[in-house]
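# Working through the structure, step by step
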Amino acid sequence: KGIAEGATEVKSTAATLNGELSHGGRAEVTLYWGQTDALTDKNAWQNATPIGARTGHFSGNISGLNASGGYFYRCYVTNAYGEDWSDESGHFLTAPADVWLSLAGSPFDEDNGTATVRAHIGNPTESNVTVQLAFSGAANLGSDYTASATTMVIVAGTLTTTITLTGIDDTDAEARESVIVAIAS
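Described in the following lines is the structure provided in the data block. Every value quoted in this text rests on a predicted model; they were computed, and no experiment measured them. (Residues numbered from 1 in each chain as written. Predicted model: local features only at pLDDT ≥ 70, side-chain atom pairs only at ≥ 80, totals over all residues. Heavy atoms only, no water.)

On to the sheet that holds strand S12 (residues 145-147), then. The strands making up a sheet associate through hydrogen bonds between their backbones, and the pairing can be parallel or antiparallel. Strands sit in the order S9-S10-S14-S12 across an open sheet of four strands; the sheet is antiparallel. Only two strands of the sheet have a single partner each, and these edge strands are strand S9 (99-104) and S12. Each neighbouring strand pair of the sheet contributes to a mean axis angle of 20°, computed without reference to strand direction. (Pairing = 2+ DSSP bridges. Helix = DSSP H or I, 4+ residues; strand = E, 2+ residues; numbered from the N terminus. Axes fitted to C-alpha atoms, helices over the stretch in contact; angles between N-to-C directions.)

Spelled out as structure tokens, the structure:
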């Protein structure tokens, strides 16, 4: 009999699924997993990951997960004594995608100068990653510069996206003003 013992090393696109064979010696173990709990229906699970013959505690690595997604898994074991499913499904949430920003074109002129803000993720995801931006600094959004967007979407399967900051020429005599762009959420 296999027992689902939880997920560890959960990242935005990968996790390690753990279990234990409670009795019956050595068995072939397959981890069935997906975003819906398919109970004991092999054909209804979205994914199956065979991890081979095991005894006692076991673990298997899975990947291709969606950031900030909820997943279920269940252990299926088979040996000379028969086949069996874990009594319960395990459940875990993946971590949000690691996102960071970079800047090119700084400083930029007040007279239609531009700078490019790029959002990056470390690994492609299977779903879009939305990044809300926060703007601060001595320069004012709307009167000293414009932003082509205040929300960035890193499209599924890609690693980056960009927005453009454009300076607005005004008649005010001003010293250099800072623009700070940060991730709000």
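Strands sit in the order S13-S11-S15 across an open sheet of three strands; the sheet is antiparallel. With partners counted over all chains shown, the strands left at the sheet margins are strand S13 (151-154) and strand S15 (180-183), one partner each. On average, each strand axis in the sheet is inclined to that of its neighbour by 30°, with strand direction left out of account. Relative to S15, strand S11 (residues 129-136) is paired through four bridges, and the arrangement is antiparallel. In the sheet register, Ala134 faces S15, and the bridge partner there is Ala182.

Another point: the packing of aromatic side chains. Counting across every chain of the model gives six aromatic pairs. Each ring, one from Tyr32 and one from Tyr76, has its centre 6.1 Å from the other, and the planes form 85°; the classification is edge-to-face. One end of the pair, Tyr32, is in strand S3 (residues 27-34); the other, Tyr76, is in strand S6 (residues 70-79), with 44 residues separating them in the sequence. Taken as a pair, Tyr32 and Tyr76 share a single burial class, namely buried. Look at Phe135 and Tyr145: their rings are 6.4 Å apart centre to centre, the planes differ by 50°, and that puts the pair in the tilted class. Of the two residues, Phe135 sits in strand S11 while Tyr145 sits in strand S12, which places them 10 residues apart along the sequence. (Phe/Tyr/Trp six-rings, centres within 6.5 Å; stacked < 30°, edge-to-face > 60°. Buried < 20%, exposed > 50% of the residue type's maximum accessible area, 1.4 Å probe, protein only.)

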